[in-house]
Amino acid sequence: MQPCARCGARWAVQGAPMHWCPRCRGVLLSPGKVDAPATQRNYRWVARRPDHRTRKAGATTSAPLGPTPRYTQTPRWGLLDPPPSAARTPERPLRGIAAHRDRLLIGTTIAFLLAGLAEYGRYLILLQNRVRLIPGWLLSISDATVLVFGIIAPIYALVTAVALVAWLIEARTIVFTAYGRRDPRTRWSLIAGCLVPGVNLIWPGVFITELLGADPDPRSHRAVRIWWAAWVLSGLLLVAATLWRDASTLQAEADGVSFTGFTNLCAAGFAVLTLWMVRTLEGRDLRGEIRSAHRWVMAADPAEVVIAPVEPGAVAVRDAVGHDEVERANSDRTGENTQEEVVAK
């Protein structure tokens, strides 16, 4: 067979060898066996670049290699395999407000507690004023504390309410995203349902109950119910304290001061209850520590009696006497057997 150097076609030799390929007019190589191994072939294939005809010989010159690289000391570099960095979640403005939720709740508790103490201090001054005159400086201090904490506490409560609404929106987003769904409530409907007076006595409990979803923990549901009832009661107390301020008699005004102090203390307690509720939903206790899980397992083995049952005195004495008689009879029987063995020997 004669292979063509251009198209690779093979032609059988019939008589004298040919010089040109009948197909492409390329050069035919010398005849050889078709199944000849590579070491016995009279030709070899050479791979060349497509532009080998246009390249100029000697156009590229290699630079001198230089000395062999070497280390003067043991190298300390190596292949680094750092752990994969966690994907950064996009920052949302509500998340920054919700991060200060716990501190705002604690600050609201302290503000309402001080406001309640200031109101009760004013009430004690009113009681003392019935029999004696009150110094001007003491009355000024009482007026200042009532005014300052009467302004600071509602402002703290409003900012805390905004932080709680932000936390609710973020928590609902996380829960529904985990379920592969989208929150059916819009953001503005959540804000309006939690901040508009009147309707905010009903909708916050509904929103938080929807947040629980299929949570099997009964403690979370119980905490939400307790918080919801306390929230409605605190709203009613606020309305009653506001209406009481319009009293016309001196005794009614004094009672209004006392009731306002009671309302402030209830607001402080409700702030603590809110902190307990949100931390319960997050699986923590009131102090912020992770709540330990308890699992009750049904016992499959029969119960073992560790302590003997208590019997009446007469039964115990009779059993003891019977036990002594049995031991005495056994000892007598043992002695008789010993005597019989001796006689037999």
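Our subject is the structure listed above.
Reading the values: rules and limits
- Residues numbered from 1 in each chain as written.
- Predicted model: local features only at pLDDT ≥ 70, side-chain atom pairs only at ≥ 80, totals over all residues.
- Heavy atoms only, no water.
- Helix = DSSP H or I, 4+ residues; strand = E, 2+ residues; numbered from the N terminus.
- Buried < 20%, exposed > 50% of the residue type's maximum accessible area, 1.4 Å probe, protein only.
- Contact = heavy atoms within 4.5 Å.
- Areas by Shrake-Rupley, 256 points an atom, 1.4 Å probe, with all protein chains shown as cover.
- Salt bridge = Lys/Arg side-chain N within 4 Å of Asp/Glu carboxyl O.
- Polar contact = N/O pair within 3.5 Å; in protein donor to acceptor, adjacent residues only side chain to side chain.
- Phe/Tyr/Trp six-rings, centres within 6.5 Å; stacked < 30°, edge-to-face > 60°.

Student: Can you break down the overall build of the protein chain residue by residue, with the values?
Tutor: Assigned secondary structure in the protein chain consists of eight helices and two strands. Its helices and strands in sequence order give the protein chain the pattern β-β-α-α-α-α-α-α-α-α, from N to C terminus. The burial tally for the protein chain puts 23% of its 345 residues in the buried class. Considering only intrachain contacts with a sequence separation of at least 6, the fraction spanning at least 24 residues in the protein chain is 57%. Summed over all atoms, the accessible surface of the protein chain reaches about 26,300 Å², with 63% contributed by carbon and sulfur.

Student: Can you lay out the pattern of salt bridges for me, pointing to particular residues and giving the numbers?
Tutor: For the structure on display, the rule yields ten salt bridges. For D102, the salt bridge identified is with R279, shortest N-O distance 3.4 Å. Of this pair, D102 sits in helix α2 (residues 101-128) while R279 sits in helix α7 (residues 250-281), and the two are 177 residues apart along the sequence. Relative accessible area serves as the criterion here: at 10%, R279 is assigned to the buried category. Shared partners join several salt bridges into a network, and the residues in it are R101, D102, R279, E282 and R284.

Student: Break down the environment of E289 for me, citing the residues and quoting the values.
Tutor: Tracing the chain through its elements places E289 in the loop between α7 and α8 (313-344). By relative accessible area, E289 is classed as partly exposed at 44%. Taking the C-alpha atoms as reference points, E289 and R279, ten residues apart in sequence, are found 9.0 Å from one another. Among all residues touching E289, those that are not within four sequence positions of it are G283 and R284.

Student: Please give an account of the side chain of T108 that cites residues and values.
Tutor: Here T108 lies in helix α2. T108 gets classed as buried once you look at its relative accessible area, which sits at 5%. Here the side chain of T108 touches Y156 through a polar contact of 3.5 Å, landing on its backbone oxygen. Aside from chain neighbours lying at most four places away, what touches T108 is Y156, A157, T160 and A271.

Student: Go over the packing of aromatic side chains with me, naming the residues and quoting the values.
Tutor: The geometry of two aromatic rings is summed up by the distance between their centres and the angle between their planes. Evaluated as defined, the whole model comprises five aromatic pairs. Each ring, one from W231 and one from F270, has its centre 5.5 Å from the other, and the planes form 25°; the classification is stacked. Of this pair, W231 sits in helix α6 (residues 218-244) while F270 sits in helix α7, and the two are 39 residues apart along the sequence. On the accessibility criterion, F270 (14% relative accessible area) is buried. When the ring of F259 is compared with that of F262, the centres are 6.2 Å apart and the planes differ by 40°; the resulting orientation is tilted. Remark: F262 and F259 occur in helix α7; sequence separation between them is three residues, near one turn of the helix. Of the residues examined, F259 reaches a relative accessible area of 17% and is grouped as buried. For F262, a relative accessible area of 39% translates into the label partly exposed.

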